[in-house]
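Coordinate inspection notes
Listed here are the chains, written in short residue letters.
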Amino acid sequence: MEKKDTQKTREEIFAEKADNYEACFSTTCPLREHCLHSLLASYKPKERLYITCVNLCNPQMQREGCPLFRKDEVIRMPVKLSTIYYDMPGRMERAIKNHLINVYSRKRYYEYHNGTRPLTPEVERYVRQTLKNYGWTEEPRFLDYVEDYLW
């Protein structure tokens, strides 16, 4: 039996994500050629009467430093936060876990913990800094890494 390559193309990924992603229809934004919001706008279903889009009247939009800018490149993100606790003393583990739940909410924390949501670069930096703040000196070990766009 021949194993098929299940790797999706960029166009297939964009078509799949476009329906639930905010579109940006700016024609003057200097970032539009490399922004996921702008690129996915052309993948929106044409039969839809209403779609969610970026508010171009907001003065922060359509310029360098746009708060919604998402680069159209694949990044490597860690998955499964639970493995960072393996060699940690129980009291430290509980303190760190409670701190992260307070910061990200219980639901979001367990999505990171169980591996259903990868850690964005900002979340990974925050977790690493939290470990240092609580006195953990070892490098955190994540179960796996995934390569995906930063939606």
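This write-up is about the structure you can find in this document. (Residues numbered from 1 in each chain as written. Predicted model: local features only at pLDDT ≥ 70, side-chain atom pairs only at ≥ 80, totals over all residues. Heavy atoms only, no water.)

What to know about the side chain of Lys 44
Within the element layout of this structure, Lys 44 appears in the loop between helix H2 (36-41) and strand S1 (75-79). Put simply, Lys 44 is tucked away with no salt bridge, and the nearest opposite charge, on Asp 19, sits 5.6 Å away. Of the polar contacts made by the side chain of Lys 44, one reaches the backbone oxygen of Ala 18; its length is 2.6 Å. If near-sequence neighbours (up to four positions away) are discounted, Lys 44 is found in contact with Ala 18, Asp 19, Asn 20, Tyr 21, Ala 23, Ile 51 and Thr 52. (Helix = DSSP H or I, 4+ residues; strand = E, 2+ residues; numbered from the N terminus. Buried < 20%, exposed > 50% of the residue type's maximum accessible area, 1.4 Å probe, protein only. Lys, Arg positive; Asp, Glu negative; His and termini not counted. Salt bridge = Lys/Arg side-chain N within 4 Å of Asp/Glu carboxyl O. Polar contact = N/O pair within 3.5 Å; in protein donor to acceptor, adjacent residues only side chain to side chain. Contact = heavy atoms within 4.5 Å.)

Examining unusual backbone geometry
We note that Gln 62 has phi near 65 degrees; this positive angle belongs to a residue other than glycine. Along the chain, Gln 62 turns up in the loop between H2 and S1. Given the relative accessible area of 25%, Gln 62 is considered partly exposed. The phi dihedral of Lys 80 falls on the positive side, at around 70 degrees, and the residue is not glycine.

Here's the deal with the side chain of Glu 124
Looking at the element boundaries, Glu 124 is found in helix H5 (residues 121-133). Its relative accessible area of 16% is what places Glu 124 among the buried residues. Among the polar contacts listed, one links the side chain of Glu 124 to the side chain of Arg 128, at a separation of 2.9 Å. Excluding residues within four positions of it along the chain, Glu 124 makes contact with Pro 78, Leu 119 and Phe 142.

Considerations on the pattern of salt bridges
Opposite charge on two side chains allows them to pair when their charged atoms are near. Applying the stated criterion across every chain, the model contains 10 salt bridges. Note that Arg 48 and Asp 19 form a salt bridge whose closest N and O atoms lie 3.0 Å from each other. One end of the pair, Arg 48, is in the loop between H2 and S1; the other, Asp 19, is in the loop between helix H1 (10-18) and H2, with 29 residues separating them in the sequence. Connected through shared salt-bridge partners, Lys 107, Arg 108, Glu 111 and Arg 117 make up one network.

As for empty space enclosed by the protein
One pass over the structure, following the stated rule, counts two cavities of 30 Å³ or more. Together, 14 residues line the largest cavity, and Cys 24, Cys 29, Cys 35, Val 54 and Cys 66 are the ones closest to its centre. Reported here for the second largest cavity is a volume of approximately 50 Å³. Lining the second largest cavity, in full, are Thr 83, Ile 84, Tyr 86, Asp 87, Trp 136, Glu 138, Glu 139, Pro 140 and Arg 141. Classifying every residue of the lining of the second largest cavity gives four nonpolar, one polar and four charged. (1 Å grid on protein atoms, 1.4 Å probe; cavity = no way out; pocket = protein on both sides within 12 Å on 5 of 7 lines; lining within 4 Å. Points joined across faces, edges and corners; volume = space filled by probe spheres on them. Nonpolar A, V, L, I, M, F, W, Y, C, P; charged D, E, K, R; others polar.)

Some points on the nonpolar core
Nonpolar side chains in soluble globular proteins tend to end up buried together. Residues Leu 81, Leu 100 and Val 127 are the most contacted members of the largest nonpolar core, which totals 17 residues. Contributions of two or more residues to this core are made by helix H3 (90-104), helix H4 (106-114) and H5. Take this core: its biggest share by element is five residues, from H3. In this view, Leu 81 contacts Leu 100, Tyr 109, Tyr 112, His 113, Leu 119, Val 127 and Phe 142; residues no more than four positions away in its chain are not counted. (Core = buried A, V, L, I, M, F, W, Y, C linked by side-chain atoms within 4.5 Å.)

Observations regarding the packing of aromatic side chains
This structure, assessed with the given rule, holds six aromatic pairs. Where Phe 14 meets Tyr 43, the ring centres are 5.7 Å apart and the plane angle is 85 degrees; that geometry is what we call edge-to-face. Remark: Tyr 43 occurs in the loop between H2 and S1 and Phe 14 occurs in helix H1; sequence separation between them is 29 residues. Judged by its relative accessible area of 2%, Phe 14 is buried. In this structure Tyr 43 comes out as partly exposed when scored by relative accessible area, which is 28%. Here Tyr 104 and Tyr 126 contribute two aromatic rings whose centre-to-centre distance is 5.9 Å and whose plane-to-plane angle is 90 degrees, an arrangement assigned as edge-to-face. (Phe/Tyr/Trp six-rings, centres within 6.5 Å; stacked < 30°, edge-to-face > 60°.)

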